[in-house]
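Understanding the architecture of this molecule
Residue-level listing of the chains:
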Amino acid sequence: MAKFNLFSEDANKSPLARLWRKFKNNHPALVGLWVFIAFCILAATAPFLAPYGVNQQHSDALLLPPSWNEMGDVRFILGTDDLGRDVLSRLMNGATYTFGLSVVAALITTMIGVLVGTFAGISKGLRASFLNHLLDVTLSIPSLLLAIIIIAILGPGLMNTVWAIILALLPQFIHSIRNLIVDELGKDYVTAYRLDGASNWHILSRGIFPNVYEYIVVIFTMALSTAILDIAALGFLKLGAQPPTTEWGAILAENLGLIYLAPWTVALPGVLLFLAVLSTNLVGDGLRKVLQARKAD
Amino acid sequence: MQPLLKVQALSKTFNIRAGLFNRKKFEVLKNISFSIGKGETIAIIGETGSGKSTLAKLLVGAYSADSGQILLENNTIENNGQRDAQCRYIRMIFQDSATSLNPALTIAEMLDDCLKFNTDFDQAQRSEKIDSTLLKVGLLVDHQQYYPHMFSIGQLQRVALARALILDPKVVVLDEALSSLDPSVRAQIVNLLLKLQLETGLTYILITHHLSLVRHISDQLVVLNKGEIVEYGDTETIFQSPQSKITQRLLSC
Ligand SMILES: Nc1ncnc2c1ncn2[C@@H]1O[C@H](COP(=O)(O)OP(=O)(O)OP(=O)(O)O)[C@@H](O)[C@H]1O
Ligand SMILES: [Mg+2]
């Protein structure tokens, strides 16, 4: 590697490369990104990484505190619960449910939201105003409440929770995407591109999406943090994942009775939830800051 | 001489929403007619809101007219709101080149798209055309790989010009395209425009507030007020003896 970079190639980079350069300088966001990636990997590989099975009971080790405590045991790094199940293994597997399913829910929301939002953005007249008024009505209900209403119709269960969250997140998502597309369509470069002979498809694929996908990622992170909290909240309220499942909210609810006896069984899932939401928000916030900075210059 | 571009009784009305259900009609352009020959320049001046930009957008086809015709070399390209969508002989340069260029595409990609949409050139012909057009407007071939954010304002205006010229237009509409430039860059671009006009017989429609520029390069002058033509004729004659009050006021400031 050369020590000096004689010709600064900074200006020569594509918009994506410039985005990454600015993002890198925002250290909290970068840490958030690493934590986020770690959660993704954990969610995908937890069953193979976990030292014990989720429902494997150790009758000789009930309610062991974490291993750094005097009473702890190295075999169970984060201790055990009242049935002698390893807390670490359960929490690792919980990432698959709480974090993994939230990502899936947010991804599906993104796909449907981008499709419908784009359609709403480019269509005019009666169709567009009908869709808008419909969205406005659903927008006035908080997403968790909407999810609970949908659960009331579908019945409790983990998969139903995912559907409920998707349906509850969609109105907001479609609304944001629609506004984004309408804003972008009003810009001069779209008019100019149309005058070059570009079709609607060209305008969307080469004009608008390359310029708004970062915003879509920002909206995605917001949807994701809402989804994580909603899945956990519904699990905690016993409307989502049911107890033997290792969803973090369900673990919390299950161990709530042990809060004085074995505080770590309640605190640790809470910490993980906090970390998952924090890292998602840090990434989203960092990205938003970069985009604002780019707009300013 | 047979005029190149003929505009006949062009009118445009916008529907403005005034309240929840009732809409108001707002006549932006009323009965606009003028004509220009090949290689000439016509200037359009008028107060803000007099409909100049609307007229420019009608000419290039970004809006469609309510009534009236636009004829290019005796071919009707717009007839009472029916636009010949294939026609790219009238091109426009926007006021702000920075916002009229797609930030996500390189210059080469943008020009290439232009050619792809409108010609059946193959890859080699297209890149040759891009090279020659860039050279024509005073840019380098290396600039192809640049993104719009990497250019200065003067260069961006040249890029916009390249984009207009790459389809070999007959008429170029400049809507305040020179106003945002500083004097020396403006002089450069004006000289470039005049040179191109001499070489290829381009016709310019110049919309500007800049009176000395109008006097310098335009052959004919149209004065618009509230969507109507109040004066139309030879530039020098109008500057010497403006007839209407509105023209007198515009020219005196
Ligand atoms: N899309 C539109 N919908 C409704 N009204 C419009 C629209 N575009 C322009 N107008 C109105 O038409 C009138 C003429 O606008 P236009 O932009 O053509 O003026 P202009 O002569 O170019 O002014 P300026 O010198 O400030 O550029 C204005 O009153 C404007 O409010
Ligand atoms: Mg204007």
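As the structure is a computational prediction, the values presented were derived from the model and not from experiment. (Residues numbered from 1 in each chain as written. Chains lettered and ligands numbered in written order. Predicted model: local features only at pLDDT ≥ 70, side-chain atom pairs only at ≥ 80, totals over all residues. Heavy atoms only, no water.)

This part takes up the overall build of chain A. The helix and strand inventory of chain A stands at 10 helices and 0 strands. Secondary structure elements of chain A occur, N-terminal to C-terminal, as α-α-α-α-α-α-α-α-α-α. Scored against the burial criterion, the 297 residues of chain A give a buried share of 47%. Look at the contacts in chain A between residues 6 or more apart in sequence, and 68% of them connect residues 24 or more apart. Accessible area of chain A: about 15,100 Å², with a carbon and sulfur share of 69%. For chain A, the separation between the mean place of its 20 positive charges and that of its 19 negative charges on side chains is 11 Å. (Helix = DSSP H or I, 4+ residues; strand = E, 2+ residues; numbered from the N terminus. Buried < 20%, exposed > 50% of the residue type's maximum accessible area, 1.4 Å probe, protein only. Contact = heavy atoms within 4.5 Å. Areas by Shrake-Rupley, 256 points an atom, 1.4 Å probe, with all protein chains shown as cover. Lys, Arg positive; Asp, Glu negative; His and termini not counted. Charge placed at Lys NZ, Arg CZ, Asp CG, Glu CD.)

Okay, the pattern of salt bridges next. Side chains carrying opposite charge are able to pair once their charged atoms draw close together. Residues and elements named next belong to chain A. All told, the structure shown has 17 salt bridges over all chains when counted by the stated rule. Ionic pairing is found between Arg75 and Asp60, a salt bridge with its closest N-O pair at 3.4 Å. Of the two residues, Arg75 is situated in the loop between helix 2 (27-49) and helix 3 (87-122) and Asp60 in the loop between helix 2 and helix 3; the sequence distance between them amounts to 15 residues. Relative accessible area serves as the criterion here: at 60%, Asp60 is assigned to the exposed category. Its salt-bridge partner being Arg85, residue Asp81 comes within 3.1 Å of it at the nearest N-O pair. This pair shows no difference in class: Asp81 is buried, exactly as Arg85 is. Salt bridges sharing common partners tie together Asp81, Arg85, Arg90 and Glu254. (Salt bridge = Lys/Arg side-chain N within 4 Å of Asp/Glu carboxyl O.)

Let us now look at the site of ligand 1. Residue and element names in this part refer to chain B. Neighbouring ligand 1 are 14 residues; Thr48, Gly49, Lys52, Ser53 and Thr54 lie closest to it. The contact in question runs from an oxygen atom of ligand 1 to an N or O atom on the backbone of Gly49, over 2.9 Å. The separation between an oxygen atom of ligand 1 and a polar side-chain atom of Thr54 is 2.6 Å. Those elements that provide at least two residues to the shell around ligand 1 are strand 2 (23-36) and helix 1 (52-60). The greatest single-element share of the shell around ligand 1, amounting to 3 residues, is contributed by helix 1. Of the residues in the shell around ligand 1, the class split is 4 nonpolar, 7 polar and 3 charged. (Near = heavy atom within 4 Å. Polar contact = N/O pair within 3.5 Å; in protein donor to acceptor, adjacent residues only side chain to side chain. Nonpolar A, V, L, I, M, F, W, Y, C, P; charged D, E, K, R; others polar.)

Counted according to the given criterion, the structure contains 8 aromatic pairs over all chains. Taking the centre distance of 5.9 Å and the plane angle of 65 degrees together, the rings of Tyr193 of chain A and Phe117 of chain B count as edge-to-face. Here Tyr193 of chain A, found in helix 7 (residues 188-195), pairs with Phe117 of chain B, found in helix 3 (residues 107-118), and the two come from separate chains. Residue classification places Tyr193 of chain A among the buried positions, given a relative accessible area of 3%. (Phe/Tyr/Trp six-rings, centres within 6.5 Å; stacked < 30°, edge-to-face > 60°.)

Moving on to the sheet that holds strand 11 (residues 228-234) of chain B. Strands in a sheet are paired, the pairing made by backbone hydrogen bonds, and the direction either parallel or antiparallel. All names here are of chain B. If you walk across this open sheet you meet the 6 strands as 7-8-9-3-10-11, and the pairing is mixed. Two strands bound the open sheet, and with one partner strand each, they are strand 7 (90-93) and strand 11. When the angles between neighbouring strand axes are averaged without regard to direction, this sheet yields 20 degrees. In this structure, strand 8 (residues 171-175) lies alongside strand 9 (residues 203-207), joined through 5 bridges in parallel fashion. Bridged to Asp175 within strand 9 is Ile207. (Pairing = 2+ DSSP bridges. Axes fitted to C-alpha atoms, helices over the stretch in contact; angles between N-to-C directions.)

Looking now at a nonpolar patch on the surface. Residue and element names in this part refer to chain A. Taken together, the side chains of Leu145, Ile149, Ile153, Leu154, Met159 and Trp163 define a hydrophobic patch exposed on the protein surface, amounting to about 640 Å² of accessible area. Breaking the nonpolar patch down by element, the ones donating at least two residues are helix 5 (143-154) and helix 6 (158-185). Top element by residues in the nonpolar patch is helix 5. It accounts for 4 residues. Position of Trp163 relative to the elements: it lies in helix 6. Its relative accessible area of 48% is what places Trp163 among the partly exposed residues. (Patch = residues over 30% accessible without salt bridge, like charges linked within 9 Å, V, L, I, M, F, W, Y side chains within 5 Å.)

So, about helix 3 of chain A. An α-helix turns once per 3.6 residues; consequently, residues spaced three or four apart project the same way. For helix 3 of chain A, spanning 36 residues, the distance from its first C-alpha to its last is 51 Å, which sits close to the expected 52 Å at 1.5 Å a residue. When the local axis directions of helix 3 of chain A are compared, the greatest deviation, roughly 30 degrees, occurs at Gly94 of chain A. (Expected span 1.5 Å × (residues − 1). Bend = angle between axes of the 7 residues up to and from the residue.)

Residue and element names in this part refer to chain A. It is at 8 Å that the axes of helix 3 and helix 9 (residues 248-255) come closest, and there the two elements cross at 130 degrees. Classed by the angle they form, the pair helix 3 and helix 9 counts as oblique. Where helix 3 abuts helix 9, its residues Arg90, Leu91, Gly94, Ala95 and Thr98 lie against Trp248, Ile251 and Glu254. (Parallel < 35°, antiparallel > 145°, perpendicular 65-115°, else oblique.)

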